[in-house]
2 protein chains.
Amino acid sequence: MSEPDVFSALSNPVRREILLQLRKGPRAVNDLASGFNLGRPAVSEHLQVLRKARLVREEPRGRERYYHLDPRPLSEVDDWLKAFTHYWKQRLAALEDVLDEESRK
Amino acid sequence: MSEPDVFSALSNPVRREILLQLRKGPRAVNDLASGFNLGRPAVSEHLQVLRKARLVREEPRGRERYYHLDPRPLSEVDDWLKAFTHYWKQRLAALEDVLDEESRK
DNA sequence: TTGATACGTCGGAAATATCCGACGCGTCAA
DNA sequence: TTGACGCGTCGGATATTTCCGACGTATCAA
């Protein structure tokens, strides 16, 4: 019943790790689950969240399901961050100025 | 009892909006709360989450508390995304290839 | 001092998230 | 066909999140 919210999908460390794993190539569910200290149902439910956020895609191969990474929705997060990039580089520059100031004393 | 987790802090749309608002400058709590359809305690608790994630800093001014944006922890998210940027540009390029292929038909 | 304002936080309600065991369905190998 | 495997999903337990009203504390204006 939840919406496909990319930010919410990324809020869980297991789901973030799944995405990192999938960079190396598609993986079947049991294969993925063996890497975590979690049961298969839990991993399967995490994959459902990632699927709803369109961050992964499933490819059935016989009785297995290989999950593929689809990183495109991550651009939403990237775009959101861009609203701060300028400001935070500004702040980093200001911080450096302070540090320079301090080191000159 | 929760840790200062930047990803979790960003998972809530109210908190994301608070951060966007604070780009324009520091704001007092009631001032912030009036912008949302939320009571002050709720906003105050969102600010606590953001404070634990070190995304905001408080500056007491008399009986008010002005909250300042500190975007530096966002670099953690940015760094995490960088683990995908290359891959996803690759995927976008592949997508464009497919589209080119299609349009040539 | 007195009354109003700004805020944090507690207690509790309601919703949501996380996880597991159990079950059912489709697929494979024999 | 039979039995084992891979998977999704349901029911339910537990934990966490989100929100509010109520309260206490500090500050301000008069």
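Residues numbered from 1 in each chain as written. Chains lettered and ligands numbered in written order. Predicted model: local features only at pLDDT ≥ 70, side-chain atom pairs only at ≥ 80, totals over all residues. Heavy atoms only, no water.

*Asks:* Looking at this model, I keep getting lost on the packing of aromatic side chains. Mind explaining?
*Replies:* Each pair of aromatic rings is reported with the distance of its centres and the angle of its planes. This structure, assessed with the given rule, holds four aromatic pairs over all chains. Between Phe-7 of chain A and Trp-80 of chain A, the aromatic rings sit 5.8 Å apart at their centres with planes inclined by 75°, giving edge-to-face as the arrangement. Residue Phe-7 of chain A is located in helix α1 (residues 6–10), and its partner Trp-80 of chain A is located in helix α5 (residues 74–104); the two are separated by 73 residues in the primary sequence. Each member of the pair, Phe-7 of chain A together with Trp-80 of chain A, is buried. Aromatic side chains Trp-80 of chain A and Phe-84 of chain A sit 4.6 Å apart centroid to centroid with 50° between the ring planes, which places their arrangement in the tilted category. With Trp-80 of chain A and Phe-84 of chain A both in helix α5 and four residues apart, the pair spans about one turn of that helix. For the pair shown, Trp-80 of chain A and Phe-84 of chain A are each scored as buried. The rings of Phe-7, Trp-80 and Phe-84 of chain A are connected pair by pair, giving a single aromatic cluster. Its guanidinium or amino end placed over the ring of Phe-7 of chain A, Arg-16 of chain B lies 4.0 Å from that ring's centre, counting from NZ or CZ. Over the ring of Phe-84 of chain A we find Arg-23 of chain B, and its NZ or CZ is 5.8 Å from the ring centre. (Phe/Tyr/Trp six-rings, centres within 6.5 Å; stacked < 30°, edge-to-face > 60°. Helix = DSSP H or I, 4+ residues; strand = E, 2+ residues; numbered from the N terminus. Buried < 20%, exposed > 50% of the residue type's maximum accessible area, 1.4 Å probe, protein only. Lys NZ or Arg CZ within 6 Å of the ring centre and 35° of its normal.)

*Asks:* How do you make sense of helix α2 (residues 13–22) of chain A when you look at a structure like this?
*Replies:* Note on helix geometry: an α-helix contains 3.6 residues per turn, so any two residues three or four positions apart are oriented the same way. The element α2 of chain A is largely enclosed, with a buried count of eight among its ten residues. Buried residues of α2 of chain A: Val-14, Arg-15, Arg-16, Ile-18, Leu-19, Leu-20, Gln-21 and Leu-22 of chain A, and no others.

*Asks:* Help me understand the sheet that holds strand β3 (residues 64–69) of chain A, please; the structure alone is not making it clear to me.
*Replies:* The strands making up a sheet associate through hydrogen bonds between their backbones, and the pairing can be parallel or antiparallel. Residue and element names in this part refer to chain A. As summarised here, the arrangement of the three strands in space is β1-β3-β2, forming an open sheet in which the pairing is antiparallel. Two strands close off the open sheet at either side, each with one partner strand: β1 (27–28) and β2 (56–61). In the packing of α2 onto the sheet, contacts are made with β1, β2 and β3, and the angle to β3 comes to roughly 90°. Taken strand by strand, helix α4 (residues 40–52) contacts β2 and β3, and its axis lies near 120° from that of β2. (Pairing = 2+ DSSP bridges. Contact = heavy atoms within 4.5 Å. Axes fitted to C-alpha atoms, helices over the stretch in contact; angles between N-to-C directions.)

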